[in-house]
Structure formats: C-alpha cells, structure tokens
Amino acid sequence: MWDEFDLIATHFAPLARDSDAALGLRDDAALLTPPTDGDLALTLDTITSGVHYLPDDPPDRIAQKLVRVNLSDLAAMGARPLGYLLSTAFARELDGAWVARFAEGLGRDQETYGIELLGGDTTAMPGPSCLTLIAVGAVPRASALRRSGARVGDWVYVSGTIGDAALGLRACRGELSGDGADLAVLCDRYRLPQPRVALGRALREQGLATAAVDVSDGLVADLGHLATASGVGIVMDAEHVPLSSASRRVLDTGMATLAALFTGGDDYELAFTASPEHDSEVRAAAEAAGVTIARIGAVTDGQDVEMRDRAGQRLSVDGMGWRHH
Ligand SMILES: Nc1ncnc2c1ncn2[C@@H]1O[C@H](COP(=O)(O)OP(=O)(O)OP(=O)(O)O)[C@@H](O)[C@H]1O
Ligand SMILES: Cc1ncc(C[n+]2csc(CCOP(=O)(O)O)c2C)c(N)n1
Ligand SMILES: [Mg+2]
Ligand SMILES: [Mg+2]
Ligand SMILES: [Mg+2]
C-alpha cells in the first residue's frame, strides 16, 4: 500500500523541481505568472481505465497518453505548452512500483514538450483509475486558432494518418490477425498519441489556418464540430484521407472498414482549414514541423460533413464518432 504524502514527495515533487510556479508542491496552490500580453490556454481531459486505455497498458505509456491528449488540445489552439496540473485517482490495487513507472512517463514527456508539473491531487479509488490533467499553454493575445474561423472555399487538411489508433485498440486487445510488426505499430499508435504541437504553433504564428480542431472523437465527428462552430459545411474526399500502410493492409484483409477508421477516434491529429492561396505555405510549415499533411476536402456553404467517394458519390456512415453515454 502507498501513502498519499509519500507518493507526492517521492514521485511528483521531483517533477515540479524546476518550476518556480509549483512552489515545490508544498503549498496550497501554484502561482503562475501569466505571460505578458498573452492569453492562457486552459484545457482538461480525463482518461479512465477501461474507457480510454486498457488496464494492462504500461503505466509510463498511460501517463504519456494523459499528457498528450491534453497537449493535443493546446496544439489545436496553436498554444505553446507551459505546464500542467494532475489529478490521480489511482485504483487501490495499484502499488508504488506502478506509480513510479507512471511518474517516469510523465518525466519523459516533460522533457519532450518542455513542460513542468504545477500541482495536483492524489486519491485512491475503490473502482478503476481515473486520471485527469489540466494543461496550461500560452498564445499571444487574441491569436489562438479557433474552431470557428473556416470560410467557404477554404481547403480542409489533416495531419498524419487517420484510423491507426482505432485499429490499434483492436490490435492491443488481440482482436486482429496479420503481420505482427503492423499490429505492433498500430497498438503503439493507440497507446502513444503524437500531439501536433509544432504544427499548431506554426499555423498560428504564420497566420495560415482559418480554423483548427484536434481529432479525438473521430475525423467525421471533429470536422463536424469545426463545421458547426464555423457555420459552414465540409465536403470530404474519402480517398484523400491519409492512411498508414499498416492500416491499409488490415483493410485489405476485410477485418475493418474505412468508415470505422474515419469515425473511430483517438487519432490526436490536427484537422484545419486554410485559404487555397496559402497551400504551399501550409505545406512548407508542415514540413518544417516534421509532420505530413493531406488535403482532404473543402469548405462549402452547406452544413455538416459530407463524405464522397472517388466518383464523387455521397458515402454514408453509421454514426460520426465516439460518444460517452
Ligand atoms: N464537464 C464540463 N464542464 C465544463 N466544460 C466542459 C465540460 N465538459 C466539456 N467541457 C467543454 O466543452 C468543450 C468540448 O469538450 P470536449 O471534451 O468535447 O472537447 P475536446 O477535449 O476537444 O474533445 P475530447 O474530450 O474528445 O478530447 C470544451 O470547451 C470543454 O472545455
Ligand atoms: C479501452 C478503450 N475503449 C475505447 C476507446 C475509444 N475511446 C474512448 S474515449 C474516446 C474519445 C476521446 O475521449 P473523450 O471524449 O472522453 O476525451 C475514444 C475514441 C479507448 N480509447 N479505449
Ligand atoms: Mg475533452
Ligand atoms: Mg479537442
Ligand atoms: Mg481533448
């Protein structure tokens, strides 16, 4: 059994060591000096065992997923990550070694993304672990990317590849057969999202994206959120949605459908809109950020998201994305 204050002192205080704001995790709150002439971007996402990750996933990966799903929301706003607050309601059966590995994952991503732990809360749960992180970011005043700026005629882009994590969840669960290396790649894509922080920042700094959203619930659902917020429609060409070679091979076996990839969620890619006249700058910004992007459609004066096949025929899918109920 672990003790709350031992956990904080042993595993969490070292992660706050380099932050003046965190006050060594020894006071009642953190004191963060807001950026001058900037906005703070504040976002929170929870991940729960059995709902967002598998109970047997490696603890360091679970920690990194928690960090990254939140940084993905900062990326969507074009914000620079500063730090985070952490609420860990650990299932009672987890031991100190599990928490040590969890903290290791946090430390690794602190290095990767240049963030520090600012504070948090530790509790023990009679049920499954429930982990919450509040990410704090900064953007120059009134410059954040929003979901609401898409204009009719803009082109629609998405980063990376779509659907790997949805297949990866099935791969991690042993529900897919096929090439072992493909299944390992997909499982890793489920466990370890790659938030597109550098791309989001570049699109904002260079004034290229008119609107942006990160893809958590599913490509169709999240494009739908962007379309609704912008008061526009989106026509998406299914054949242009970027797929990894691993997921193409799974599709070829018939074990999954394209619709499942477009609505599965957990991608943590960025979907964004930009004026066609900025296409080459958008592509250069993505390249400089080390991320592939694909143009997948256009903004229309309609509403919602319409998917089209190669022949321009309308495709319909059951449901648009993930929803808790
Ligand atoms: N319980 C809540 N209280 C206050 N605001 C909430 C609550 N749940 C969601 N929101 C707000 O609603 C908006 C949409 O939330 P949502 O969680 O769908 O966004 P997201 O984090 O981009 O998606 P996902 O959770 O799939 O990653 C956000 O602005 C969020 O801050
Ligand atoms: C074990 C397991 N089962 C199902 C899923 C799929 N899933 C759960 S929540 C979510 C959307 C984002 O979450 P939220 O909207 O809560 O931030 C998705 C795609 C998963 N990740 N793990
Ligand atoms: Mg959320
Ligand atoms: Mg989001
Ligand atoms: Mg989110």
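Residues numbered from 1 in each chain as written. Chains lettered and ligands numbered in written order. Predicted model: local features only at pLDDT ≥ 70, side-chain atom pairs only at ≥ 80, totals over all residues. Heavy atoms only, no water.

A.B. asks: So what about the UniProt feature "domain: PurM-like C-terminal" (unreviewed entry) in the protein? Which residues, and what values?
C.D. replies: Within the UniProt annotation, "domain: PurM-like C-terminal" (unreviewed entry) is assigned to residues 151-308. Along residues 151-308 the backbone is 42% helical and 23% strand, and the end-to-end C-alpha distance reaches 20 Å. (UniProt positions renumbered as here; feature names shortened; annotations may be inferred. Helix = DSSP H or I, 4+ residues; strand = E, 2+ residues; numbered from the N terminus.)

A.B. asks: Give a description of the site of ligand 1 that names residues and reports values.
C.D. replies: The environment of ligand 1 is made up of Asp45, Asp73, Arg147, Asp214, Ser216 and Asp217. Contact between ligand 1 and Asp73: an oxygen atom at 3.0 Å from a side-chain N or O atom of the residue. In this structure, Arg147 approaches ligand 1 through a side-chain N or O atom, which is 3.1 Å from an oxygen atom. In isolation ligand 1 exposes 620 Å². Once the protein is present, 32% of that is buried. Here the shell around ligand 1 is built from residues that sort into no nonpolar, one polar and five charged. (Near = heavy atom within 4 Å. Polar contact = N/O pair within 3.5 Å; in protein donor to acceptor, adjacent residues only side chain to side chain. Areas by Shrake-Rupley, 256 points an atom, 1.4 Å probe, with all protein chains shown as cover. Nonpolar A, V, L, I, M, F, W, Y, C, P; charged D, E, K, R; others polar.)

A.B. asks: Pulling in residues and values, what's your account of the packing of aromatic side chains?
C.D. replies: Inspection of every chain in the model, using the stated rule, returns five aromatic pairs. Their ring planes at 15 degrees and their centres at 5.7 Å tell us that Trp98 and Phe102 sit as a pair that is stacked. Of this pair, Trp98 and Phe102 both sit in helix H3 (residues 96-113), separated by four residues, roughly a single helical turn. Here the aromatic rings of Tyr157 and Phe272 are separated by 5.2 Å at their centres, their planes lie at 10 degrees, and the arrangement is stacked. In this pair, Tyr157 sits in strand S5 (residues 155-159) while Phe272 sits in strand S8 (residues 269-274), placing the two residues 115 residues apart along the sequence. This pair shows no difference in class: Tyr157 is buried, exactly as Phe272 is. Put simply, the rings of Trp2, Phe90, Trp98 and Phe102 touch in pairs and so form one group of aromatic residues. (Phe/Tyr/Trp six-rings, centres within 6.5 Å; stacked < 30°, edge-to-face > 60°. Buried < 20%, exposed > 50% of the residue type's maximum accessible area, 1.4 Å probe, protein only.)

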